[in-house]
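# Architecture and fold: a report
Next come the chains, spelled out residue by residue.
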Amino acid sequence: MLTRKQHELICFINDRLAETGVSPSFEEMKEALDLKSKSGVHRLISALEERQFIRRLPNRARALEVLRMPDRPDTTRKTKAPPSAAPGNVRILPPPANDVIEIPLHGRIAAGVPIEAFEDHSMLAVPAALLGGGEHYALEVSGDSMVDAGILDGDYALIRRTDVARDGEIVVALIEESEATLKYFRREGAMIRLDPANRSYDPQRYDPRQVRVQGKLAGLLRRYD
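Residues numbered from 1 in each chain as written. Predicted model: local features only at pLDDT ≥ 70, side-chain atom pairs only at ≥ 80, totals over all residues. Heavy atoms only, no water.

For strand E8 (residues 136-142), the tally of buried residues reaches six of seven residues, placing the bulk of the element in the interior. Sheet topology places strand E5 (residues 100-110) next to E8; four bridges connect them, and they run parallel. If you follow Ala 110 over to E8, its bridge partner there is Ser 142. Pairing geometry for E8 and strand E9 (residues 156-160), over five bridges, is antiparallel. Of the residues in E9, the one forming a bridge with His 136 is Arg 160. (Buried < 20%, exposed > 50% of the residue type's maximum accessible area, 1.4 Å probe, protein only. Helix = DSSP H or I, 4+ residues; strand = E, 2+ residues; numbered from the N terminus. Pairing = 2+ DSSP bridges.)

Printed below as a string of structure tokens:
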């Protein structure tokens with residue numbers, strides 16, 4: 001049997017993985033369980049790992065996999081477990097949807113003013129649940145002009161490659177083949193307008209020949225540590 005805190009923690013981890021595909025941080029686990037320090041979280045995780053309820057995925061920050069879940073207690077009636085039930089009062093779950101894949105990380109992109117685009121890239125590990133179909137890459141956001149859209153300085157914008165966009169979509173726009181920016185894409189008469197999501201910044205207007213869509217926003221990855 002698990003202790004109450006162990007049961008609370010594995011349920012919290014499992015629910016967060018099901019919701020976002022990303023393991024909660026130790027700080028989030030500490031707050032969720034009302035613990036005084038992260039050392040308590042480490043002890044609980046180690047205990048769950050020793051009992052083979054969870055495992056840590058190597059070389060991946062904040063990556064936990066739930067191997068099995070304890071049965072939630074039934075307070076209304078008690079029934080004898082069927083012969084096929086797993087021993088130890090547990091049920092085996094299907095593999096969680098928390099696979100991690102690597103996509104190219106193309107440097108920093110301005111969310112305020114254009115900067116030089118597509119530097120030499122490294123790779124970024126991303127939960128597969130955050131991506132849909134198609135080819136993707138990531139850009140680190142620099143600036144605050146998209147804060148009202150929930151895109152903050154230091155976030156990783158996950159971009160699906162495409163060269164077309166509809167009005168109102170957030171795109172990576174390559175300007176005059178040298179600079180890129182992350183903005184709302186809109187058509188304004190014969191012009192292309194790139195709108196920020198911050199009243200402190202003005203829209204940018206370009207001749208369509210000056211702008212080439214390089215992809216549109218598919219998701220965001222934010223690190224808290």
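Moving on from the coordinates now.
Attention shifts here to the nonpolar core. The biggest cluster of nonpolar side chains holds 18 residues, and the ones touching the most others in it are Leu 9, Ile 10 and Met 29. Of all the elements in the fold, those that place two or more residues in this core are helix H1 (4-20), helix H3 (38-50) and strand E2 (64-66). With near-sequence residues (within four places) excluded, Leu 9 lies in contact with Met 29, Leu 33, Val 41, Leu 44, Ile 45 and Leu 48. Core analysis: the second largest hydrophobic core is formed by 14 residues, Ile 109, Val 141, Ile 151 and Leu 174 among them. (Core = buried A, V, L, I, M, F, W, Y, C linked by side-chain atoms within 4.5 Å. Contact = heavy atoms within 4.5 Å.)

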